[in-house]
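Given next are the chains, with one letter for each unit.
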Amino acid sequence: MTLTVYLAGEIHSDWREEVKTAAAGLDVRFTAPVTDHAASDDCGVAILGAEEDKIWHDRKGALLNAIRTRTAMEEADVVVVRFGEKYKQWNAAFDAGYAAALGRPLVILHPPEHDHALKEVDASANAVAREPRQVADILRYVLEGRLP
């Protein structure tokens, strides 16, 4: 069985690469949003033309990014959402809710200091991990029934 795993959320660290490295050898296909922050922010105006007001600049980018995000989450077997330490992750919270609404198995990844703020998000998840390695361990168990 091949799993398609969408890696959503925080884009300011290399957590996706850590998961991929730890999951080496598993029958997993990873997908993700565009993680180049500038490209993600500016894609709408770069493709569809400049906007005078920042709100419409951001809106164009959000709408284009939503094509990728929605398609990837709808095609995913599992969605992993990472909440980072540094920034408020509104997009990550939306992605977690969207994945839950789609009925996708959901793994949330965040540090303990976010436990209270994310209690409702965590309650909708199948698992809450602290480290990227644990995400790979979950995938290994699901695919192969093997413990770390």
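Right above here is the structure, for reference.
Fair warning: this is a prediction, and the values are worked out from it, not measured in the lab.

Considering the sheet that holds strand β3 (residues 78–82)
Part 1 of the argument: What the 5 strands build is an open sheet, ordered β2-β1-β3-β4-β5; its pairing is parallel. Edge positions in the open sheet fall to β2 (28–31) and β5 (127–129), since each of these has one partner strand only. Strand-to-strand twist in this sheet, taken as the mean axis angle between neighbours without regard to direction, amounts to 25°.
Part 2 of the argument: In this fold helix α3 (residues 54–75) packs onto β1 (3–9), β2 and β3, with an angle of close to 140° to the strand it touches most, β1.
Part 3 of the argument: Sitting on the sheet, helix α4 (residues 90–102) is in contact with β1, β3 and β4 (106–109), with an inclination near 160° to β3.

With respect to the pattern of salt bridges
Pairs may arise between side chains of opposite charge once their charged atoms sit close together.
Part 1 of the argument: Going through the model one piece at a time under the given rule, you end up with 10 salt bridges.
Part 2 of the argument: Of the charged contacts, one joins Asp58 and Lys54 as a salt bridge, the two residues approaching to 3.0 Å between their closest N and O atoms. With Asp58 and Lys54 both in helix α3 and 4 residues apart, the pair spans about one turn of that helix.
Part 3 of the argument: Assessed through its relative accessible area of 51%, Lys54 is described here as exposed.
Part 4 of the argument: Note that Lys119 and Glu120 form a salt bridge whose closest N and O atoms lie 3.8 Å from each other.
Part 5 of the argument: With relative accessibility at 41%, the residue Lys119 sits in the partly exposed group.
Part 6 of the argument: Assessed through its relative accessible area of 53%, Glu120 is described here as exposed.
Part 7 of the argument: One salt-bridge network, held together by shared partners, links Glu10, Arg82 and Glu85.

Describing the packing of helix α2 (residues 37–48) against α3
Part 1 of the argument: The interhelical angle for the contact between α2 and α3, taken along N-to-C directions, is 100°, at an axis separation of 7 Å. If you check the angle between α2 and α3, you find them roughly perpendicular. Residues Ser40, Asp41, Asp42, Cys43, Gly44, Val45, Ile47 and Leu48 of α2 form the contact with α3, whose participating residues are His57, Lys60, Gly61, Leu64 and Asn65.
Part 2 of the argument: Residues that form the contact of α2 with α3 fall into these classes: 5 nonpolar, 5 polar and 3 charged.

What about the pairing of β1?
Part 1 of the argument: When you tally the buried positions in β1, you get 7 out of 7 residues, the bulk of the element.
Part 2 of the argument: Alignment of β1 against β2, held across 4 bridges, turns out to be parallel. Of the residues in β2, the one forming a bridge with Val5 is Phe30.
Part 3 of the argument: Handedness of the crossover joining β1 and β2 through helix α1 (residues 15–22) is recorded here as right-handed.
Part 4 of the argument: The pairing of β1 with β3 spans 5 bridges and is parallel. What sits directly across from Tyr6, in β3, is Val79.

Notes on the nonpolar core
Part 1 of the argument: Counting 17 residues, the largest nonpolar core has Val5, Val80 and Val135 as the members making the most contacts within it.
Part 2 of the argument: If you list the elements that add at least two residues to this core, you get β1, α1, β3, β4 and α6 (132–144).
Part 3 of the argument: Examining the composition of this core, we find that 4 residues originate from one element, α6, more than from any other.
Part 4 of the argument: Core analysis: the second largest hydrophobic core is formed by 16 residues, Tyr6, Val79, Ala92 and Ala125 among them.

Conventions we followed
- Residues numbered from 1 in each chain as written.
- Predicted model: local features only at pLDDT ≥ 70, side-chain atom pairs only at ≥ 80, totals over all residues.
- Heavy atoms only, no water.
- Pairing = 2+ DSSP bridges.
- Helix = DSSP H or I, 4+ residues; strand = E, 2+ residues; numbered from the N terminus.
- Axes fitted to C-alpha atoms, helices over the stretch in contact; angles between N-to-C directions.
- Contact = heavy atoms within 4.5 Å.
- Salt bridge = Lys/Arg side-chain N within 4 Å of Asp/Glu carboxyl O.
- Buried < 20%, exposed > 50% of the residue type's maximum accessible area, 1.4 Å probe, protein only.
- Parallel < 35°, antiparallel > 145°, perpendicular 65-115°, else oblique.
- Nonpolar A, V, L, I, M, F, W, Y, C, P; charged D, E, K, R; others polar.
- Right-handed = clockwise from strand over helix to strand, strands pointing away.
- Core = buried A, V, L, I, M, F, W, Y, C linked by side-chain atoms within 4.5 Å.

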